[in-house]
Structure formats: C-alpha cells, structure tokens
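# Structure assessment
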Amino acid sequence: MINVENIRQQFPILFQEVNDEPLVYLDNAATTQKPQAVLDKLAYYYEHDNANVHRGVHTLAERATKEYEAAREKVRRLIGANETAEILFTRGTTTSLNWVAKSYGDLAVGAGDEIVISYMEHHSNIIPWQQLAQRKGAVLKYIDITADGYLDLENAKKQITDKTKIVSIAHVSNVLGVINPISELTVLAHQHGAIMVVDGAQAVPHMPVNVQELDADFYAFSGHKMCGPTGIGVLYGKRALLEKMEPVEFGGEMIDFVNLQDSTWKELPWKFEAGTPNIAGAIALGAAVDYLTDIGLENIHQHEADLVAYVLPKLQAIEGLTVYGPQKIEDHTGVIAFNLEGLHPHDVATALDMEGVAVRAGHHCAQPLLKYIDVPATARASFYLYNTKADADRLIEAILATKEFFQHGPI
Ligand code: C6P
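Residues numbered from 1 in each chain as written. Predicted model: local features only at pLDDT ≥ 70, side-chain atom pairs only at ≥ 80, totals over all residues. Heavy atoms only, no water.

Now for the sheet that holds strand β13 (residues 321-323). An order of β13-β14-β17-β16 is seen for the 4 strands of this open sheet, with the pairing classed as antiparallel. Pairing within the sheet leaves two strands with one partner each, and these edge strands are β13 and β16 (360-362). Strand-to-strand twist across the sheet, computed as the mean angle between neighbouring axes with direction ignored, equals 30 degrees. In this structure, strand β14 (residues 335-340) lies alongside strand β17 (residues 378-382), joined through 4 bridges in antiparallel fashion. Counted as the bridge partner of A337 is R380 from β17. (Pairing = 2+ DSSP bridges. Helix = DSSP H or I, 4+ residues; strand = E, 2+ residues; numbered from the N terminus. Axes fitted to C-alpha atoms, helices over the stretch in contact; angles between N-to-C directions.)

With that settled, consider the sheet that holds strand β5 (residues 114-118). Taken in spatial order, the 7 strands line up as β4-β10-β9-β8-β7-β5-β6 in an open sheet, and their pairing is mixed. The sheet is open, and its two borders are formed by β4 (87-90) and β6 (139-143), each paired with just one other strand. Adjacent strand axes in the sheet meet at a mean angle of 20 degrees, parallel and antiparallel pairs treated alike. Strand direction decides the pairing type here: β5 and β6, joined by 5 bridges, are parallel. The partner of I117 across the bridge, within β6, is Y142.

Right, let's get into the nonpolar core. I79, F89, Y219, M226, L285, L292 and L385 are the most contacted members of the largest nonpolar core, which totals 79 residues. A domain-level breakdown of this core finds at least three residues from each of domain 1 (39-294) and domain 2 (296-404). Residues contacting L285, with those up to four places away along its chain left out, are V75, F89, G223, M226, P229, I232 and V234. (Core = buried A, V, L, I, M, F, W, Y, C linked by side-chain atoms within 4.5 Å. Buried < 20%, exposed > 50% of the residue type's maximum accessible area, 1.4 Å probe, protein only. Domains from an automatic or database assignment. Contact = heavy atoms within 4.5 Å.)

As a further point, take the packing of helix α4 (residues 93-108) against helix α5 (residues 127-136). For the pair α4 and α5, interaxial distance at closest approach is 9 Å and the crossing angle is 20 degrees. It follows from the interaxial angle that α4 and α5 lie roughly parallel. Every pair of crossing elements has a handedness; the one defined by α4 and α5 is right-handed. For the pair α4 and α5, the contacting residues are L97, N98, V100, A101, K102, G105 and D106 in the first and P128, W129, L132, R135 and K136 in the second. Taken together, the residues that form the contact of α4 with α5 break down as 6 nonpolar, 2 polar and 4 charged. (Parallel < 35°, antiparallel > 145°, perpendicular 65-115°, else oblique. Left-handed = near helix turned anticlockwise from the far one by under 90°. Nonpolar A, V, L, I, M, F, W, Y, C, P; charged D, E, K, R; others polar.)

Tracing the chain through its elements places S103 in helix α4. For S103, a relative accessible area of 8% gives the class buried. One polar contact links the side chain of S103 to the main-chain carbonyl oxygen of E246, over a distance of 2.5 Å. Non-local contacts of S103, meaning those with residues more than four positions away in its chain, are made with M245, E246, V248 and F272. (Polar contact = N/O pair within 3.5 Å; in protein donor to acceptor, adjacent residues only side chain to side chain.)

Our next topic: the packing of aromatic side chains. With the rule as written, the count across this model stands at 12 aromatic pairs. These aromatic residues form a ring-pair network of at least three members: F11, Y291, Y384 and Y386. Above the face of the Y310 ring, K314 is positioned so that its terminal group lies 4.5 Å from the ring centre. (Phe/Tyr/Trp six-rings, centres within 6.5 Å; stacked < 30°, edge-to-face > 60°. Lys NZ or Arg CZ within 6 Å of the ring centre and 35° of its normal.)

Right, let's talk about the environment of G275 for a bit. Looking at the element boundaries, G275 is found in the loop between β12 (263-265) and α10 (279-295). Assessed through its relative accessible area of 24%, G275 is described here as partly exposed. A C-alpha to C-alpha distance of 44 Å links G275 and A392, two positions 117 residues apart in sequence. The residues contacting G275, other than those within four sequence positions of it, are R55, G252 and E253.

Those residues of α5 that sit buried are P128, W129, L132 and A133. Relative to the axis of α5, the buried residues are bounded by an arc of 135 degrees and lie together on one face. In the core, the buried residues of α5 are packed alongside α4, β5, β6, β7 (164-170) and β8 (195-199). Of the residues trailing α5, G137 is marked for its positive phi of about 70 degrees. (Arc of directions from axis to C-beta.)

Written out as structure tokens, the structure reads:
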C-alpha cells in the first residue's frame, strides 16, 4: 500500500488552481509530474557539480562523471539488465526506437524480409520501421487487435514467419491501456530467428519490468513519463547485438582513435553516445529511479489497479460513454481512452479543463490504431501514483457536468 497523501506532498505542481478549480492532473501518459527529490537533484547538480563527463580530470568533471554513470547503474538495476554496458542513454523512447531501426535494422534486414509490429503502436514504433522497410525493400506487417481490445496472439502466430527479422511491440498501449503478452511474443519471434524489440514507454513507469525475464532483445523507454526530466531516455540492448551494431551518431565522446580517413569507437555503452550527453537529465533520471524504487513499482502498479477498479465501472455506467480497450477491470491499466456520444473529444477535454481536470484529446500519436477501430479521436484520462479516488470522482463529476452542459446548455 502506498500513502498517496504523503506522495502528493512531494509534487509541488499539483497544488495549484486551474480555471479556479484545484488541479486534477490526468495526463500522465503524455508526461508525468516531477517530485521534489528530482527537482532538487537537478538544481543541486547545476549548483555544485556541473562539468562535462568522461573528459576532464578536475574534481567537478570526476563528480559529474561518477553521478552520470551511477544513474546508468540505477537504470540497469531497475530493469534487471545484466550489465551497464547494455544501458544506452538516449533522448527518449523515440530516439531509442530510431536507433534500433537504423543501426540493427540496417545490419539485419534485407529485401523481402519482414518486420512485424501491431495496429496499436505509437507513431514512434511505426515510422522508423516504415523508413527501414522503404530503405531495404522489406515488408512491414501488422498484428491484428481483437474486437475486445487485446493484441490477437493467434494472428501474431500467422504474421511472424521465418522471413521475419524484427518484431516490435508496445508493452502497454498508450490508447487501449492493455498490457501485451511480451514473453509469448518473444518466444514466437525467437522461434523464427527474429529479434524482439519492446516499446516500454507506458510500462516501465507503472510496473516492475525485467528485461532478462522478458528475454527482450531491445527495450526502450522515456524518463519524462516516470517522474524524470524531458530529453532523457533509455535503450536497453543485449550486449551481443550492441557489439555488432554501428553507432547511429558520430563525433566527440564516442571515439577511441581518430585518424585522417577512419576512426575507432569506444567500448559499450559509450560508442553510441556521441557528443556531450544530457548529463543533468540522466542524473535526475537516476533520482527518479530512486524515488520510484523506494516506493516500489509493485506498489505503484497496485495503486493504479485500485484506481482503475474504482473509476472504470463508474465510466462504463455513464450513458453514451464508450471506453476503449479491455472492459475487464483486471486487464485495463490506468490509461483510459473514452468518448462521449455526440461530442468531439477536444470539446470534452476543453470542458474538463474548465473544471480543472487535465486530460488529453486527439489521436494520441496512434493514427493507424484509431483508423483500425474506426474512431477519429478520443479523450484520454491517465492515472499515476499521486492520483486519488477523489481525482477519479472529480473526473466523473466533470464528465457528467459536460454531458449536461452540451445537452441542456448552462444552468
Ligand atoms: N506517448 C502520449 O501522450 P517520447 O515522446 O519519445 O518520450 O515517447 C514516445 C512514445 C512511444 N511509445 C509509446 C507507447 C508512447 O506512449 C509514447 C509517448 C505520449 O501517449 C506522447 S504522444
């Protein structure tokens, strides 16, 4: 059990009014808020330790390097990777997936080969593969979604074949709120000699993830969705694969020797991290990892499951409201996309904002999914560790008030 009132006290941004109402922040799938410990770490770093990493021999440079590499170790522990050489700092999930598609993709995919993703992917897990397929003359295939909002495993068995080189799937959908069966997909991919890439942007912040248990070959996620700052993210990759791959960017920091016509690279993980990295971001992400692991990812997961058990039936009971993704409480994460009959989701989100409730509306960077389920856009409420049942009540009240307003006009 977590003490949500204590937790809330650590997020200063939550204590403000929006449109004369106390803020209820339910846009956590887009980005989460930052606890004081992370804000303090950022400020402390710039006030005391700021220097470039891996270059200087002076004290500040040594301190910055030590903290930067300590953050890598914290991330390694968080996701159960074998060694820090397998943890690359990137700008976020998008960059991580682009690196895999560019570097591993160029190495392993040829004309006529297949890349398999699903209809529920975020654009960041679609476009890099489209680009790769176009570069190489490969085929990009999509796994179906069942009518009740799950990834269709039977269809996955048909889509993944001996021609498949890469399977890349979201661990948790940022629209349907469903957890995908990564272990089963990994087994399937490996049986066919393909590698398994996982987009963990909506998973790592919310539940325990162990990349070795999943046997994922690559696993990508973003710092800003897990209480860390923007501009920092992670790509986990198995050493054997990373060793074979070429860096995606070239320049300072990642080299051993530079000759006139060629150069050699540093060892892992640094060969991928060209230029001055986001040092402050990585260090603050390390503080976010400390923060989340102190509370416990299992506890955070349980807290969100309790919130879903509370709010989902209330949403489902509202006449004219459609919830997308699984309808079973135990299968739905805290990402809840919905529509109100006859209302545009942008109008719904604007009306909720008038009540101080922040939700997202639109296609959620998942246009192929929305086309697949034949919905132009949705509203989406997404919960995190600092949300309460009172927040859920405010959401429900605001939705009911919105319905009332659009049906009968202002009182
Ligand atoms: N989804 C959302 O509101 P970046 O932008 O690189 O940190 O993360 C991209 C990304 C990749 N995969 C999934 C499953 C995601 O949800 C996201 C980000 C946000 O749903 C912003 S579009």
